[in-house]
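Listed below, chain by chain, are the residues.
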Amino acid sequence: MNTAAIVVENLSVGYGRGRGSGGRSFGDRGASTVLDGLSLTIPAGQTFALLGRNGAGKTTLIRTLLGLLEPAAGRVEVLGVNPTTQPLVVRSRIGYLAEDQSMYPGMTADELAAFLAPFYPTWDAALARDLFQQFGVPTGVRIKQLSKGHTVRLGLALALAHRPELVILDDPAMGLDPITRKQFNRDVVEHLQAEGRTVFYSSHLLYEVEAVADAVAILDGGRLVRVGTTEAVQNDVKRVLVSGDVLLAGPKPEKLLDVTRRGDRLAVTLDGAPAWIERLDAAEADYAVEDLSLDEIFEAFVIGQTELWPDRSAGVTAVVK
Amino acid sequence: MHIRIQRGSSVPISRQIDAQVRAQILSGVLRAEDQLPSVRQLARELAVNVNTVFRVYERLAADGLIELRHGDGTYVAPRRKGAAGAQLARRRREFGAELDALVRRALMLGVAAEELPRWLAESLERVQREIPPAETSPGDSPKRERAEQDTPSAGTRR
């Protein structure tokens, strides 16, 4: 049974330099490696958010899913099809909203829709008109005169008009004001989730993602550092306040993310917190647990520092007071 | 039904929605046979994941607070004597524990004990200014006359 919309296995992608292969990747994985050994499965019908800082590799992953970049190693499958060997089949079945909306500025929305229609066998002109209306996109105005918000919503309408099974959005909320962002999220919730379509989108606005996504993946330096439902991630990643003595008594947690000093205690942020907290309970240790926002969790994964974890050889005095 | 979501909070969205619907049912703001917005409506209104709202409704239904009537809609379940009261009492105990944690934090931040009542009074004032009065009034019994402030779908079967 194949219910996965996207399967990525041990994917590595690099940008080649020179050798006349222009932007193509090849086996040589040196300093140009952008994605490094990525594995990810996204079930059909899920809204999946890819989180990462600028340059983390979000757009590279999306371009690989679209068949615009070739993997240096590993396997990619989109809707059961290999985008590297059958890019046109893949692209006809997905809707894609690029990071920067570069649409023919001299055309109106209606003209652009008519221009795009022949490229897609499943294009539904009536649906395109419907979506323009629902999204409040002015159809008689040249695209260059549209606001940023209208342009993004026009892009979304055009990405949906061929009834794609999978929609890929590359940082769609970038540059939108908070109200337009909320409207855009509403459109996603109403037109994509409610219709059971798979949505894969990248973002760096974590508080937006939290409300809309089923699951998130944190991409950092070309590697996936955490994948899970937003609820599970918030349940597993906690900050625990304990004294240095307590930490010295027990083993270091496997998935330690960050340690900072807080008064005479240490604030320990870790993944897999519930099991570790159970151990603290068993040892009757004194501690306090803090819930974290997705923002704080992201930060812990991406820029967390663990040097302050007390070392037995350094002794307790270095930590306490 | 009035629900407010705080994005970027350390409390997961699903827990925020769950707690607010539950509180409104247990305190009598929402009453038996009141209709709730559909999963899609509420998801759209809050701009929140459809599955999140669905899971919250399922959990509330499993706890006997609401009923998902196939092809008809979602309604507040008739009260089972005692059960809701016990839940309300438990929720209030939990609130007491949360308040303790907040007070501890305030003391940790150097807020003097005698200043605390003023903090509480100011918070209460802010909260009451934000939310229509008919929806607050803690500790008071369910009202007979209710203000018509629900979402259009709620209460259509009154």
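Residues numbered from 1 in each chain as written. Chains lettered and ligands numbered in written order. Predicted model: local features only at pLDDT ≥ 70, side-chain atom pairs only at ≥ 80, totals over all residues.

A. Structural context of the environment of A:T3. All names here are of chain A. Tracing the chain through its elements places T3 in the segment before β1 (4-14). Considering only alpha carbons, one finds T3 and T41, 38 residues apart in sequence, at a separation of 9.9 Å. Not counting residues within four places of it along the chain, the set of residues in contact with T3 comprises P43 and A44. (Helix = DSSP H or I, 4+ residues; strand = E, 2+ residues; numbered from the N terminus. Contact = placed C-beta atoms within 7 Å.)

B. Spatial organisation of the environment of A:A4. Residue and element names in this part refer to chain A. Looking at where A4 falls in the secondary structure, it is placed in strand β1. Looking at A4, the number of C-beta atoms within 10 Å reads 18, which means it is partly exposed. Expressed as a C-alpha distance, the spacing of A4 and K58, which sit 54 residues apart in the sequence, is 20 Å. Setting aside residues up to four positions removed in sequence, A4 forms contacts with T41, I42, P43 and A44. (Buried ≥ 20, exposed ≤ 12 C-beta atoms within 10 Å, placed from the backbone.)

C. Geometry of the domain arrangement of chain A. Residue and element names in this part refer to chain A. Each assigned domain of chain A is listed with its residue range as follows: domain 1 (4-230) and domain 2 (237-303). Each of domain 1 and domain 2 was reduced to a C-alpha centroid, and the two centroids are 36 Å apart. The interface is formed by 10 residues belonging to domain 1 together with 6 residues belonging to domain 2. If you list the elements that add at least two residues to the side of domain 1 that touches domain 2, you get α7 (206-212), β8 (215-220) and β9 (223-229). Looking at the side of domain 1 that touches domain 2 element by element, the count peaks at 3 residues for α7. For the side of domain 1 that touches domain 2, the per-class residue count stands at 5 nonpolar, 1 polar and 4 charged. (Domains from an automatic or database assignment. Nonpolar A, V, L, I, M, F, W, Y, C, P; charged D, E, K, R; others polar.)

D. Layout of unusual backbone geometry. Residue and element names in this part refer to chain A. At N10, a residue that is not glycine, the phi angle is positive and equals roughly 50 degrees. Note that N10 resides in strand β1. Even without glycine at this site, L79 takes up a positive phi of about 55 degrees. Examined against the element boundaries, L79 turns out to sit in the loop between β4 (73-78) and α2 (87-93).

E. Looking closely at the interface of chain B and chain A. Facing the 17 residues of chain B at the interface are 21 residues of chain A. Of all the secondary structure elements, the ones that give two or more residues to the side of chain B that touches chain A are α1 (13-26), α2 (39-46) and α3 (50-62) of chain B. Top contributing element to the side of chain B that touches chain A by residue count: α2(B), with 3 residues. When its residues are assigned to classes, the side of chain B that touches chain A shows 8 nonpolar, 6 polar and 3 charged.

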